[in-house]
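# Coordinate analysis (summary)
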Amino acid sequence: MPIEYKINLPLDLEAFIGVYQASSLGERRPVAEPQRMQRMLEEADLTVSAWDGDKLVGLARSLTDWAYCCYLADLTVADSHQRLGIGKELIRQTQAALEPGAMLVLLAAPAAADYYPRIGMEKHPSAWILRPGEKI
Ligand SMILES: CC(C)(COP(=O)(O)OP(=O)(O)OC[C@H]1O[C@@H](n2cnc3c(N)ncnc32)[C@H](O)[C@@H]1OP(=O)(O)O)[C@@H](O)C(=O)NCCC(=O)NCCS
């Protein structure tokens, strides 16, 4: 069955949490805190979801102003559906939903550090993070 992609389709919380748990990204996101996950779902500007029939098998979740930049906060493809081109298509559709002048930025999880150069993204040498609770 071909994979179907949906832009900003409303998702229920259980399916949303489930698609993180379906890959190693579930270990790096607050999946045990449903209220926080609910907020992540509700406040996202752009989600692209990938469906195998009625099963949610991939998700790109972004925060964006649409015109200048888009932070691709989460990209997950279920272990059962990896290496089929779904991740690449989720990113392609995310970019396609933005104005042509907008750039995509993201932080790679260790498991995906080799993925982004492989699909043609450029490493930025000057990305900076203020972690929760850290002060400037
Ligand atoms: C990283 C991830 C999103 C990739 O999605 P995917 O649908 O499996 O990848 P694709 O099918 O789009 O792969 C595109 C190409 O990258 C390669 N690739 C896939 N995963 C890779 C990885 N982890 N490292 C290096 N190359 C990878 C594929 O073999 C493919 O190569 P090809 O075009 O030469 O055939 C997915 O594996 C995943 O969800 N991983 C766990 C969660 C995670 O780390 N998410 C990223 C958070 S920043």
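Scroll up to find the structure this text is about.
Presented here is an overview of the structure given in this document.

What counts and how
- In this convention, every chain numbers its residues from 1, walking through the sequence in written order.
- Predicted model: local features are reported for residues with pLDDT of at least 70 only, side-chain atom pairs are reported and counted for 80 or more only, and whole-chain, interface and lining totals are derived from all residues.
- Two strands qualify as a pair provided that DSSP identifies no fewer than 2 bridges between them.
- Strands here mean DSSP runs of E at least two residues long; helices mean DSSP runs of H or I at least four residues long; both are numbered from the N terminus.
- Fitted lines through C-alpha atoms give the axes, limited to the stretch in contact for helices. The angle between two N-to-C directions lies from 0 to 180 degrees.
- With C-beta atoms placed from the backbone, a contact is any residue pair whose C-beta atoms sit within 7 Å.
- Nearness between a residue and a molecule or strand is assessed with a C-beta atom placed from the backbone; a distance within 6 Å qualifies.
- Residues are grouped as follows: Ala, Val, Leu, Ile, Met, Phe, Trp, Tyr, Cys and Pro are nonpolar; Asp, Glu, Lys and Arg are charged; all remaining types, including Gly, are polar.

## Some remarks on the sheet that holds strand β3 (residues 55-64)
With mixed pairing, the five strands of this open sheet are ordered in space as β1-β2-β3-β4-β5. The open sheet has two edge strands, β1 (4-7) and β5 (103-105), and neither has a second partner. Taken pair by pair, the neighbouring strands of this sheet meet at an average axis angle of 25°, ignoring direction. Direction of pairing for β1 relative to strand β2 (residues 46-52): antiparallel, over a ladder of four bridges. In the strand pairing of β2, Y5 is matched with A50. Against the sheet, helix α1 (residues 13-21) engages β3 and β4 (69-77), with an angle of about 95° to β3. In this fold helix α3 (residues 86-96) packs onto β1, β2, β3, β4 and β5, with an angle of close to 35° to the strand it touches most, β3.

## Structural notes on the environment of A15
Examined against the element boundaries, A15 turns out to sit in helix α1. Remark: the alpha-carbon pair of A15 and L56, spanning 41 residues in sequence, is separated by 6.9 Å.

## Considerations on the site of the ligand
Surveying the vicinity of the ligand reveals 21 residues, the closest of which are Q82, G87, K88, A109 and A112. Those elements that provide at least two residues to the shell around the ligand are β4, α3 and α4 (115-118). In the shell around the ligand, the residues fall into 11 nonpolar, six polar and four charged.

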